[in-house]
Amino acid sequence: PNPFNPETTIRFGLPVPGNVKIEVFDLTGKQVALLIDKAVPAGEHSVSFKGDDHPSGVYFYRIRTAGFTSTKKMLLLK
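What comes next concerns the included structure.

Scoring rules and cut-offs
In this convention, every chain numbers its residues from 1, walking through the sequence in written order. Given that the model is predicted, a residue must reach a pLDDT of at least 70 before its local features are reported, and side-chain atom pairs must reach 80 or more before they are shown or counted; all residues, however, enter totals for whole chains, interfaces and linings. In computing side-chain values, all of the structure's heavy atoms are included and hydrogens and water are not. Criterion used throughout: strands pair if DSSP finds at least two bridges between them. A run of H or I in DSSP counts as a helix once it spans at least four residues, and a run of E counts as a strand once it spans at least two, with each numbered from the N terminus. The convention used is that axes are lines fitted to C-alpha atoms, helices contributing only their stretch in contact, and that angles between N-to-C directions extend from 0 to 180 degrees. Within this document, salt bridges are pairs made up of a side-chain nitrogen of Lys or Arg and a carboxyl oxygen of Asp or Glu, the two lying within 4 Å of each other. The classification of residues rests on relative accessible area computed with a 1.4 Å probe and restricted to protein chains. Under 20% of the type maximum is buried, over 50% is exposed, and intermediate values are partly exposed. Counted charges follow a simple rule, with Lys and Arg positive, Asp and Glu negative, and His plus the chain ends left uncounted. Here a polar contact is taken to be a pair of N or O atoms separated by no more than 3.5 Å, where protein atoms must pair a possible hydrogen donor with a possible acceptor and residues adjacent in sequence count only if both atoms sit in side chains. By the convention used here, residues are in contact when the closest approach between their heavy atoms is within 4.5 Å. To pair, rings of Phe, Tyr and Trp, with the six-membered ring standing in for Trp, must have centres within 6.5 Å; the planes then decide the type, stacked if under 30 degrees apart, edge-to-face if over 60, and tilted in the middle.

Quick look at the sheet that holds strand β6 (residues 68-76) now. The strand order β3-β2-β5-β6 describes an open sheet built from 4 strands, whose pairing is antiparallel. Of all strands in the sheet, those with a lone pairing partner are β3 (31-40) and β6, marking the two edges. Neighbour to neighbour, the strand axes of the sheet diverge by 15° on average, direction disregarded. In terms of strand pairing, strand β2 (residues 18-25) meets strand β5 (residues 57-65) through 5 bridges, oriented antiparallel. Looking at the pairing, I22 lines up with I63 of β5.

See below:
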């Protein structure tokens, strides 16, 4: 998803069903979006983040499931 303007798609896969939470944070650590926070079936999935209402810059998205957490960087360029 790097760089993107004005929208990017975050793809993820689950080997088993479970609760998934995907949040987006700015450089200060403030949460700017909650993309998903629900039970998801096993398989490949995707969610979109729209940067229309956010300034250009670096953002981080964090994916959390039971027993797994990953944080990645993305760059919004307008």
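Don't stop here, the text continues.
According to the stated counting rule, one finds 3 salt bridges in the structure shown. A salt bridge links E23 to K21; the shortest N-O distance between them is 4.0 Å. You can call E23 buried: its relative accessible area is 4%. For the salt bridge of E23 with R64, the shortest nitrogen-to-oxygen distance reads 3.3 Å. Of this pair, E23 sits in strand β2 while R64 sits in strand β5, and the two are 41 residues apart along the sequence. Look at R64 and you get partly exposed, because its relative accessible area is 32%. One salt-bridge network, in which partners are shared between bridges, spans K21, E23, R62 and R64.

Turning next to the side chain of D26. With respect to the helices, strands and loops of the structure, D26 is situated in the loop between β2 and β3. As a buried residue without a salt bridge, D26 has its nearest oppositely charged side chain in K30, at a separation of 5.6 Å. Polar contacts involving the side chain of D26 include one to the side chain of T28, which spans 2.6 Å. Once you skip the residues sitting within four places of it in the chain, D26 turns out to touch V32, V58, Y59 and F60.

Considering all chains together, one arrives at 2 aromatic pairs under this definition. Each ring, one from F4 and one from F49, has its centre 5.9 Å from the other, and the planes form 70°; the classification is edge-to-face. On the criterion of sequence distance, the pair formed by F4 in the segment before β1 (7-14) and F49 in strand β4 (residues 43-50) is long-range, its members being 45 residues apart. Residue F4 shares its accessibility class with F49, and that shared class is buried. Residue classification places F49 among the buried positions, given a relative accessible area of 2%. Through a chain of ring-to-ring contacts, the aromatic side chains of F4, F49 and Y59 assemble into a single cluster.

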